[in-house]
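Chains, contacts and geometry: an overview
Below are the chains, spelled out letter by letter.
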Amino acid sequence: PGSGRSHLLRGTLAAAQARDRPVSFIEGNQLGEELAPLPGSLIIIDDVDLLSATAQITLFRTFNAARLVGLALLLAGSAPPLQLTQTLREDLRTRIGNALIYEVRTLGDAEKAAALRSHAEGRSMRIDDALIDYLLHHGRRDLPSLLTTLDALDRASLEQRRPATLPLLREILQTSTNPNGIDNEPDSV
């Protein structure tokens, strides 16, 4: 969780749609008995480890038909195929395991800081390292929340005609908590 797998899949979906390629995005727990993709299309399935027994048969059949009709499959799961012995049928698990596999890891603080700096630069926003350090230590830990907070800081800075400072960041973080001062959602690690 929090590694960005779903984000990457949705980015691929958007890129395929921008190129007018037929594409289907399916959550693992939503796949059923039928999957009738157009020839040459891209099938994206998130959370293959959540496939029902029926959905696993459907995906296995899709794998078998893929070469015949020119399908591309992009799958994501909570673990590598070798570790999905308890959740996937053996024939499907080995079929997935024979595909090209990438491991997507969660970002460490240094990578999150670099992503925040890059995002700030993309918005022509001046931000110093102390703000990034404070945000990493006092904000929610997942990158989407960190980026949302940075965007809110940028908006507040522009609206109030104030530089992005630590006091302004504290105000932004304060408004993202409920009246009791407790985060609405727990930090993700």
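Look up: the structure comes first, before these words.
The next subject is the overall build of the chain. A count of helical and extended segments in the chain gives 7 helices and 3 strands. Relative to the globule expectation of 16 Å for 189 residues, the C-alpha radius of gyration of the chain, 21 Å, shows a markedly less compact shape. Across its three principal directions, the C-alpha atoms of the chain cover 60 × 35 × 30 Å. Taking all contacts inside the chain whose residues are at least 6 apart in sequence as the whole, residues at least 24 apart take part in 56%. Total accessible area computed for the chain in this model is approximately 11800 Å², and 52% of it derives from carbon and sulfur atoms. Between the mean site of the 20 positive side-chain charges and the mean site of the 24 negative ones, the chain shows a separation of 4 Å.

Here we have 3 strands laid out as an open sheet, ordered β1-β2-β3, and parallel in their pairing. Two strands close off the open sheet at either side, each with one partner strand: β1 (23-27) and β3 (72-75). In this sheet, adjacent strand axes meet at a mean angle of 15° when their direction is disregarded. With respect to the sheet, helix α1 (residues 5-18) is in contact with β1, β2 (42-46) and β3, its orientation differing from that of β2 by roughly 160°.

Taken residue by residue, helix α7 (residues 166-175) has L168, L169, I172 and L173 as its buried positions. When α7 is viewed along its axis, its buried side chains cluster within an angular range of 140° and face the same direction. Across α7 from its buried face, at more than 90 degrees, point the exposed residues Q174 and T175.

Reading the values: rules and limits
- Residues numbered from 1 in each chain as written.
- Predicted model: local features only at pLDDT ≥ 70, side-chain atom pairs only at ≥ 80, totals over all residues.
- Heavy atoms only, no water.
- Helix = DSSP H or I, 4+ residues; strand = E, 2+ residues; numbered from the N terminus.
- Rg over C-alpha atoms; globule rule 2.2 N^0.38 Å.
- Contact = heavy atoms within 4.5 Å.
- Areas by Shrake-Rupley, 256 points an atom, 1.4 Å probe, with all protein chains shown as cover.
- Lys, Arg positive; Asp, Glu negative; His and termini not counted.
- Charge placed at Lys NZ, Arg CZ, Asp CG, Glu CD.
- Pairing = 2+ DSSP bridges.
- Axes fitted to C-alpha atoms, helices over the stretch in contact; angles between N-to-C directions.
- Buried < 20%, exposed > 50% of the residue type's maximum accessible area, 1.4 Å probe, protein only.
- Arc of directions from axis to C-beta.

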